[in-house]
Amino acid sequence: MQYPASRWFRDWILRPGLLVLILVSAGCEKIELERAGGPKMNWDQLRGQWVLVNYWAEWCKPCLEEIPELNEIDKAPDIAVLGVNFDDIKGKQLEALGERMGIEYTMLAEDPGPRFGWKTPVALPATFVVNPDGDLLEARFGPQTEDEIRALIGG
């Protein structure tokens, strides 16, 4: 009995190729972060730059003190600042609060920490520093300055 070429191609080339494609794409979940009042942001688009995920609250005085520094840091082409409201305020209320507080960097509508396996901060302000490869370098507590962040990332 002869094995037809089309069947051989299907059985030995296409199926294993499909299996490899499924296995490769299974580990490639696209992580999208919802912005407060804006379109979703693809986490992978932040690769190649430093990312500061900053947890803040309206009642946190040191959080208020560091906002101007974070606004300046966010203007750098190699650093992105993402703000997360610790009190889980959402929607128009979050947008209004951010505007009142003078936040110019991107505010997220939800905490991305659980998706990355990060523990909820125990003190505020908290800044999670993510390197250009997407790995968490460290979590810092207390107000951050541009000089401190530049010293940490070597820039």
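Residues numbered from 1 in each chain as written. Predicted model: local features only at pLDDT ≥ 70, side-chain atom pairs only at ≥ 80, totals over all residues. Heavy atoms only, no water.

*Asks:* Can you break down the environment of Thr106 residue by residue, with the values?
*Replies:* Mapped onto the elements, Thr106 comes out in strand β5 (residues 106–108). You can call Thr106 partly exposed: its relative accessible area is 23%. Separated by 35 residues in the primary sequence, Thr106 and Asn71 have C-alpha atoms spaced 9.6 Å apart. For Thr106, the contacting residues outside a window of four places in its chain are Arg35, Met41, Val81, Leu82 and Gly83. (Helix = DSSP H or I, 4+ residues; strand = E, 2+ residues; numbered from the N terminus. Buried < 20%, exposed > 50% of the residue type's maximum accessible area, 1.4 Å probe, protein only. Contact = heavy atoms within 4.5 Å.)

*Asks:* Explain the nonpolar core to me, using residue names and the numbers behind them.
*Replies:* Formed by 40 residues in total, the largest nonpolar core has its most connected members in Trp43, Val53, Tyr55, Trp56, Ile79 and Leu82. Secondary-structure elements contributing two or more residues to this core are β3 (50–56), α2 (61–74), β4 (79–85), α3 (91–101), β5, β6 (126–130) and α5 (146–153). Among the elements that make up this core, the one with the highest residue count is β3 (six residues). (Core = buried A, V, L, I, M, F, W, Y, C linked by side-chain atoms within 4.5 Å.)

*Asks:* Describe the packing of aromatic side chains, naming the residues involved and giving the relevant values.
*Replies:* Applying the stated criterion across every chain yields a total of four aromatic pairs. Here the aromatic rings of Trp43 and Phe116 are separated by 4.6 Å at their centres, their planes lie at 40°, and the arrangement is tilted. One end of the pair, Trp43, is in the loop between β2 (41–42) and β3; the other, Phe116, is in helix α4 (residues 113–116), and 73 residues separate them in sequence. On the accessibility criterion, Trp43 (5% relative accessible area) is buried. (Phe/Tyr/Trp six-rings, centres within 6.5 Å; stacked < 30°, edge-to-face > 60°.)

*Asks:* Account for α2, with residues named and values stated.
*Replies:* A turn of α-helix holds 3.6 residues, and therefore any two residues three or four places apart point the same way. The end-to-end C-alpha distance of α2, which contains 14 residues, comes to 20 Å, matching closely the 20 Å that a straight helix rising 1.5 Å per residue would cover. Largest kink in α2: about 40°, centred on Ile67, with the proline Pro68 one to four residues after it. Within α2, the full set of buried residues consists of Cys63, Glu66, Ile67, Leu70, Asn71 and Ile73. Buried-residue contacts for α2 involve β3, β4, α3, β6 and α5. (Expected span 1.5 Å × (residues − 1). Bend = angle between axes of the 7 residues up to and from the residue.)

*Asks:* Any chance you could break down the state of the cysteines for me, citing the residues and the numbers?
*Replies:* Scanning the model with the defined rule gives one disulfide in all. Paired by a disulfide, Cys60 and Cys63 hold their sulfur atoms 2.3 Å apart. In this structure the cystine formed by Cys60 and Cys63 twists about its S-S bond by roughly 80°; its chirality is therefore right-handed. The class of Cys63 is buried, set by a relative accessible area of 1%. (Disulfide = S-S within 2.5 Å.)

*Asks:* I'd love a proper account of the pairing of β6, names of residues and values included.
*Replies:* In terms of residue burial, β6 counts as a mostly covered element, since five of its five residues are buried. Side-chain alternation along β6 places Ala126, Phe128 and Val130 on one buried face and Thr127 and Val129 on a second face that is also buried. Pairing between β3 and β6: five bridges, direction antiparallel. The residue of β6 that forms the bridge with Tyr55 is Ala126. Bridge count between β6 and strand β7 (residues 136–141): five bridges; the pairing is antiparallel. Looking across to β7, one finds that Val130 is bridged to Leu136. Connecting the antiparallel pair β6 and β7 is a turn made up of five residues, with Gly134 showing a positive phi of about 95°. (Pairing = 2+ DSSP bridges.)

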